[in-house]
Structure formats: structure tokens, C-alpha cells
Amino acid sequence: MSNIYKAFEGKKAFIAFLTAGDPDFETSVKCFKAVADAGADLIEVGIPFSDPIAEGPVIQEADIRALGAGMTTDKVFDLLKEVRKDVTIPIVFMTYANPVYHYGIDRFFKAAKEAGADGIIIPDVPFEEKHEFSDVADKYGMEFISMIAPTSEARIKTIAGEAKGFIYVVSSLGVTGVRSEITTDLDSIIKMIRQSTDTPAAIGFGISTPEQAEKMSKLADGVIVGSAMVKMVAAYGKKAPEMLYDYVISMKEAMR
């Protein structure tokens, strides 16, 4: 059984996204540890990038803050090693094709695994072109996480059939960000996924409130929250870890 699958075993998984190095290295480490201590089941570590095309302004600004504070891909690996001293839950990287190419695909996955990553999400790599990355991920025992968007209907079963780790179900068209309402017919998408695979499916993009988390956890195997938490880091800075801790507890309680 993969480490990622354990996040979903016997429960609905709460998946927390934060940008590595935001607002600075030390506070970022504390933020990741705080969400794990509060009961997050899986963590997504965003690697700061200057052109994150799938991200809305909240995460774009976090990337700018982290890069401005001196974060590099090597420092992200150092940060994960620091987090791994206390955190055992599954951790996956969220990044883009360009930083992986720039670092060197084989070198990147080797370093990511050594740092303690269990998998990776690369939103700008089309399903048809994933093998350039997923084959190397397999080589190092990391799982390449597939994304299924509302526009993927004709391809849902194909993507789901090859999925590993978990499936990232994109709740809404557009970029990441907090949404007051999610109107996509997610029920139909989840049903199609379940017909094709036993791989867990988690819903992300736009979830921010306990009410939304409760609703989405009834549909899927997990809930992914990013922008709402990144906004807290922007608002509270060095005090963010304690705010994130309370927030994750409230979201987990809603999902029970």
C-alpha cells in the first residue's frame, strides 16, 4: 500500500496546500507542522514559480513572497527535510513543468524522493504527455497525481484508469481561489471515476468553509484546501501557524 493511500484509509482525507517558503523559511516549516499536528491527512507543498498558470492571485502572491524571501527548488527540498523531522503523513509536491525541466527531470525526482516526497502534481502537463514525468516518478517510487477537470468528461475514464495515489478533481473551471459557491456537477464526475478505478478522488479549487468541506466530503474521498490557507499566511505572517492549526481542526470536524 502506498503512503498516499494511507491518507484515505478509513476516513475522508483533508488535504492542505501551502506554498513552500511563504512568508519565510522558518515560518513556513512551522505552518506545515501546524497543519499536520491539527490533523491534516496529506500535505501539498507548492514549489514557488514565477508563472503559475493554474493559480489565482492569492497563490501567485504567495509565490512572489516566497521567491522574494530567497526560496529556490533546492531550498524547497531542504524545507521538506526539515518538516519530515516531525511529520510522517503523506506529502506531495505541486509544481509546474518548467521548474522540473530546469532542474533536470531525473535529478528533480531523485532529490524530491530523498527529501521525503511521496508524489507530485504538475497541472500544466497534459495527460497524453505525462509519461515524460510519470515514468521517472515511478523509477524513484513517487506517484504522479492525475487531475480531472469539468471539461475532461470524454477522458475521465481513461485518466482515472491510469491514476495513481489519488485523483485531483478540479471543482470549477478557471484558476485556484476561494469560491462562494461550487456549481459543477461533481456527483456525475465522481460516479464516472468510481466506475473506472478504486483510486481515491479528492475535490479541490474553491473550498474554504467548513460547510463546503462537509458537502464535498460527502461526494468524494477527500477535500483539498489551498487558497483559504494561503490567505491566512498572508494575513498573519509569523502568527499564521496557530491560525492554521485552528482552521484545520474546524475543517476536520466538519468532515466527520
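Before reading on, note that the structure itself is shown above.
Sequence order as written defines residue numbering, which begins from 1 separately in each chain. Local features are withheld for residues below a pLDDT of 70 in this predicted model, meaning they are given only at 70 or higher, and side-chain atom pairs are given and counted only at 80 or more; totals for whole chains, interfaces and linings count all residues. Neither water nor hydrogens contribute to the side-chain values; these are computed over all heavy atoms in the structure.

Caption draft 1: Structural context of the sheet that holds strand β2 (residues 42–46). Each pair of strands is called paired provided DSSP finds at least two bridges between the two strands. Note on conventions: DSSP H or I runs of at least 4 residues are helices, E runs of at least 2 residues are strands, and numbering of each starts at the N terminus. Taken together, 9 strands build an open sheet; the order of strands is β5-β4-β3-β2-β1-β9-β8-β7-β6 and the sheet is parallel. The open sheet has two edge strands with one neighbour each: β5 (143–144) and β6 (146–148). Note on contacts: a residue pair is in contact if any heavy atoms of the two residues lie within 4.5 Å. A fitted line through C-alpha atoms serves as each axis, taken over the contacting stretch for helices, and the angle formed by two N-to-C directions is quoted from 0 to 180°. Its contacts with the sheet place helix α4 (residues 73–83) against β2 and β3 (91–94), and it is angled at close to 160 degrees to β3. In the packing of helix α12 (residues 240–255) onto the sheet, the strands contacted are β1 (13–19) and β9 (222–225), and the crossing angle to β1 comes to about 155 degrees.

Caption draft 2: Fine view of the packing of aromatic side chains. Pairing of aromatic rings covers Phe, Tyr and the six-membered ring of Trp, with a centre-to-centre limit of 6.5 Å; geometry is then stacked below 30 degrees between planes, edge-to-face above 60, and tilted otherwise. Inspection of the entire model under this criterion finds 10 aromatic pairs. On the basis of an interplanar angle of 65 degrees and a centroid distance of 5.4 Å, the ring pair of Tyr-101 and Phe-133 is categorised as edge-to-face. Remark: Phe-133 occurs in helix α7 (residues 131–139) and Tyr-101 occurs in helix α5 (residues 97–103); sequence separation between them is 32 residues. Partly exposed residues are those whose accessible area sits between 20% and 50% of the maximum for their type, while under 20% is buried and over 50% is exposed, using a 1.4 Å probe and protein chains only. Residue Tyr-101 is classed as partly exposed on the basis of its relative accessible area of 42%. Each residue in the set Phe-77, Phe-93, Tyr-103, Phe-108 and Phe-109 is aromatic and connected to the rest through ring pairs, giving one cluster. The ring of Tyr-103 carries Arg-107 above its face, with NZ or CZ at 3.9 Å from the centroid. Counting as a charge over the ring demands two things of the Lys NZ or Arg CZ atom: a distance within 6 Å of the ring centre and an angle within 35 degrees of the ring normal.

Caption draft 3: Representation of the packing of helix α6 (residues 105–115) against α7 in the model. Look at α6 against α7: their axes get within 9 Å of each other, and the N-to-C directions meet at 40 degrees. The angle between α6 and α7 places the two elements in the oblique class. The crossing of α6 and α7 is right-handed. Along the contact surface, α6 presents Ile-105, Asp-106 and Phe-109, while α7 presents Glu-132, Phe-133, Val-136, Ala-137 and Lys-139. Throughout, the ten residues Ala, Val, Leu, Ile, Met, Phe, Trp, Tyr, Cys and Pro are labelled nonpolar, Asp, Glu, Lys and Arg are labelled charged, and all others, Gly among them, are labelled polar. When grouped by side-chain class, the residues that make up the contact of α6 with α7 number 5 nonpolar, no polar and 3 charged. Between 65 and 115 degrees an angle is taken as roughly perpendicular, under 35 as roughly parallel, over 145 as roughly antiparallel, and anywhere else as oblique. A crossing counts as left-handed when the near helix is turned anticlockwise from the far one by less than a right angle, and as right-handed when that turn is clockwise.

Caption draft 4: Quick peek at the pattern of salt bridges. Between Lys or Arg on one side and Asp or Glu on the other, a salt bridge is scored when a side-chain nitrogen of the former is within 4 Å of a carboxyl oxygen of the latter. The tally for this structure, following the rule as stated, stands at 15 salt bridges. Measuring nitrogen to oxygen at the nearest pair gives 3.9 Å for the salt bridge that ties Lys-11 to Asp-41. A residue pair is termed long-range when its members are at least 10 positions apart, and Lys-11 in the loop between α1 (3–6) and β1 and Asp-41 in the loop between α2 (25–37) and β2 qualify at 30 residues. Using a relative accessible area of 7% as the deciding quantity, one classes Asp-41 as buried. The partner of Lys-130 in a salt bridge is Glu-162, and the shortest N-O contact between them spans 3.2 Å. Residue Lys-130 is found in the loop between β4 (119–121) and α7, and its partner Glu-162 is found in the loop between α8 (156–161) and β7 (167–170); the two are separated by 32 residues along the sequence. Classification of Glu-162 by relative accessible area gives partly exposed; the value is 37%.

Caption draft 5: Broad picture of the side chain of Asp-63. In this fold, Asp-63 is placed in helix α3 (residues 57–68). Charged residues are defined narrowly, with Lys and Arg counted positive, Asp and Glu counted negative, and His plus the chain ends left uncounted. The buried charged residue Asp-63 lacks any salt bridge, with Arg-65 as its nearest oppositely charged partner at 8.2 Å. What qualifies as a polar contact is a pair of N or O atoms within 3.5 Å, subject to a donor-acceptor requirement within protein and to the restriction that residues adjacent in sequence count only when both atoms come from side chains. For Asp-63, the side chain forms a polar contact with the main-chain nitrogen of Phe-49, separated by 3.4 Å.

Caption draft 6: Broad picture of helix α11 (residues 227–236). Residues of α11 that are buried include every one of Ser-227, Ala-228, Met-229, Val-230, Met-232 and Val-233, and no others. On the buried face of α11, the contacting elements are β1, α2, α3, β9 and α12. Following α11 by one or two positions, Gly-237 has its phi on the positive side, about 55 degrees.

Caption draft 7: Expanded view of the environment of Phe-25. Here Phe-25 shows up in helix α2. Taking the relative accessible area as the measure of exposure, Phe-25 reaches 32% and is therefore partly exposed. Separated by 41 residues in the primary sequence, Phe-25 and Ala-66 have C-alpha atoms spaced 8.3 Å apart. With residues up to four places along the chain from it excluded, the contact list for Phe-25 reads Met-71, Lys-75, Asp-78 and Leu-79.

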